[in-house]
2 protein chains.
Amino acid sequence: MRFDVQVETRPRAGIADPEGSTIERSLPALGFEGIQDVRVGKSFRFHVEADDEAAAHALVEDVCARFLTNPVIEDSSITVTEASTV
Amino acid sequence: MRFDVQVETRPRAGIADPEGSTIERSLPALGFEGIQDVRVGKSFRFHVEADDEAAAHALVEDVCARFLTNPVIEDSSITVTEASTV
């Protein structure tokens, strides 16, 4: 079976996020008010072939732990959904 | 009212994604099989103060169009949810 996967990473609470801070400081100069706590992370999307959703989730967790994310400074969330068969 | 916002950007279909391609090529060497179509984008999260959800969404669309995304090469999706009042 084929699954759509999204992995989102973001800096953990308390970890400096210079990109987010820069965006937040720039917004008022562009006329945008009321936006706070900007944090910038990455979004990975891909397809996985696996026997079932549990196997797909386990594979993606392993990929994240070994390759895509740095758990010391990043939180990540994994979303696995069955790919539509068109 | 306060809203949680997530903006996800990703390269449009047909636009080269060197980071995604590099990840995809590297996975078999790490022993991961069955992963395809890796695309890497960004995930922005922030809080917005606005009168209602429609106003928050309109503000975020404007921020995206003028600042966060490049619509020539990127698709983006916006998710606005009311912040939990703890």
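Residues numbered from 1 in each chain as written. Chains lettered and ligands numbered in written order. Predicted model: local features only at pLDDT ≥ 70, side-chain atom pairs only at ≥ 80, totals over all residues. Heavy atoms only, no water.

Attention now moves to the pairing of strand E1 (residues 2-11) of chain B. Residues and elements named next belong to chain B. The buried fraction of E1 amounts to seven of the ten residues, a majority that puts the element mostly inside the structure. Pairing between E1 and strand E2 (residues 35-49): eight bridges, direction antiparallel. In the sheet register, Glu 8 faces E2, and the bridge partner there is Ser 43. (Buried < 20%, exposed > 50% of the residue type's maximum accessible area, 1.4 Å probe, protein only. Helix = DSSP H or I, 4+ residues; strand = E, 2+ residues; numbered from the N terminus. Pairing = 2+ DSSP bridges.)

It is worth spelling out the side chain of Glu 8 of chain B at this point. Examined against the element boundaries, Glu 8 of chain B turns out to sit in strand E1. One polar contact links Glu 8 of chain B to Arg 45 of chain A, side chain to side chain, over a distance of 2.7 Å. Leave out the neighbours within four places in its chain, and Glu 8 of chain B touches Gln 6, Ser 43 and Arg 45 of chain A together with Lys 42, Asp 75, Ser 76 and Ser 77 of chain B. (Polar contact = N/O pair within 3.5 Å; in protein donor to acceptor, adjacent residues only side chain to side chain. Contact = heavy atoms within 4.5 Å.)

Think of it as a corkscrew move, a rotation about one axis and a shift along it, taking one chain copy to the other. The transformation that overlays chain A on chain B combines an axial shift of 0.0 Å with a rotation of 180 degrees, and the residual RMSD is 0.0 Å. These values place the two chain copies in the arrangement generated by a two-fold rotation axis. Minimal C-alpha separation from the rotation axis in chain A is found for Lys 42 of chain A, amounting to 2.2 Å. In this assembly, 100% of the residues forming the interface of chain A have copies in chain B that are likewise at the interface, indicating an isologous arrangement. (Least-squares fit on C-alpha atoms with pLDDT ≥ 70 in both.)

In this structure the tally under the stated criterion is ten salt bridges over all chains. The residue Lys 42 of chain A makes a salt bridge to Glu 19 of chain B at a minimum N-O spacing of 2.6 Å. Here Lys 42 of chain A, found in strand E2 (residues 35-49), pairs with Glu 19 of chain B, found in helix H1 (residues 18-26), and the two come from separate chains. Of the residues examined, Lys 42 of chain A reaches a relative accessible area of 33% and is grouped as partly exposed. Between Arg 45 of chain A and Glu 8 of chain B there is a salt bridge, with the nearest N and O atoms lying 2.7 Å from each other. One end of the pair, Arg 45 of chain A, is in strand E2; the other, Glu 8 of chain B, is in strand E1, on a second chain. Take Glu 8 of chain B: its relative accessible area is 5%, and that puts it in the buried class. (Salt bridge = Lys/Arg side-chain N within 4 Å of Asp/Glu carboxyl O.)

Turning our eyes to something else, we now look at the nonpolar core. Grouped together as the largest cluster of nonpolar side chains are 20 residues, with contacts concentrated most on Phe 46 and Val 48 of chain A together with Ile 35 of chain B. With residues near it in sequence (within four places) discarded, Ile 35 of chain B still touches Phe 46, His 47, Val 48, Leu 59 and Val 63 of chain A together with Glu 24 and Leu 27 of chain B. In terms of nonpolar packing, the next biggest core, distinct from the first, is built from 19 residues, Phe 32 and Val 38 of chain A together with Val 5 and Cys 64 of chain B among them. (Core = buried A, V, L, I, M, F, W, Y, C linked by side-chain atoms within 4.5 Å.)

Considering every residue of chain A, the mean pLDDT works out to 95; 99% of them sit at 70 or more. Reported confidence for the predicted complex is 0.90 by ipTM and 0.91 by pTM. (pLDDT = per-residue confidence, 0-100.)

Glancing now at helix H2 (residues 53-68) of chain A. Buried residues of H2 of chain A: Ala 56, Leu 59, Val 60, Val 63, Cys 64 and Leu 68 of chain A, and no others. In a view along the axis of H2 of chain A, the buried residues occupy a sector of 140 degrees, so they form one face of it. Exposed residues lying more than 90 degrees from the buried face of H2 of chain A are Ala 54 and Ala 65 of chain A. For H2 of chain A, the elements touching its buried residues are strand E1 (2-11), E2 and strand E3 (74-82) of chain A together with H1 and E2 of chain B. (Arc of directions from axis to C-beta.)

Before going further, it helps to examine the sheet that holds strand E3 (residues 74-82) of chain B. Hydrogen bonding along the main chain pairs the strands of a sheet, whether they run parallel or antiparallel. The sheet built from six strands is open, its strands ordered E3(A)-E1(A)-E2(A)-E2(B)-E1(B)-E3(B) with antiparallel pairing. Since the sheet does not close on itself, it has two edges, and those belong to E3 of chain A together with E3 of chain B, each with one partner. Taken pair by pair, the neighbouring strands of this sheet meet at an average axis angle of 20 degrees, ignoring direction. Contacting E2 of chain A together with E2 of chain B, helix H1 (residues 18-26) of chain A runs over the sheet at an angle of about 130 degrees to E2 of chain A. (Axes fitted to C-alpha atoms, helices over the stretch in contact; angles between N-to-C directions.)

To continue, consider the interface of chain A and chain B. Many structure descriptions define interface size as the accessible area lost when the parts assemble. Across the boundary between the two partners, chain A contributes 33 residues, which contact 33 residues of chain B. In total, about 2900 Å² of surface goes out of reach between chain A and chain B, with carbon and sulfur atoms giving 58% of it. Counting the surface chain A buries against chain B, the share from its top three residues, Phe 32, Arg 45 and Phe 67 of chain A, is 20%. In this structure, the connection of chain A to chain B is made through six salt bridges. Taken together, chain A and chain B are joined by 22 residue pairs in polar contact (both at pLDDT 80 or more). When contributions to the side of chain A that touches chain B are tallied by element, the ones reaching two or more residues are E1, H1, E2 and H2 of chain A. Per element, the largest residue contribution to the side of chain A that touches chain B is 15 residues, and it comes from E2 of chain A. Residue composition of the side of chain A that touches chain B, grouped by class: 14 nonpolar, seven polar and twelve charged. Sheet topology places E2 of chain A next to E2 of chain B; eleven bridges connect them, and they run antiparallel. By the bridge assignment, Val 48 of chain A is partnered in E2 of chain B with Ile 35 of chain B. (Buried area = accessible area lost by both parts, 1.4 Å probe. Nonpolar A, V, L, I, M, F, W, Y, C, P; charged D, E, K, R; others polar.)

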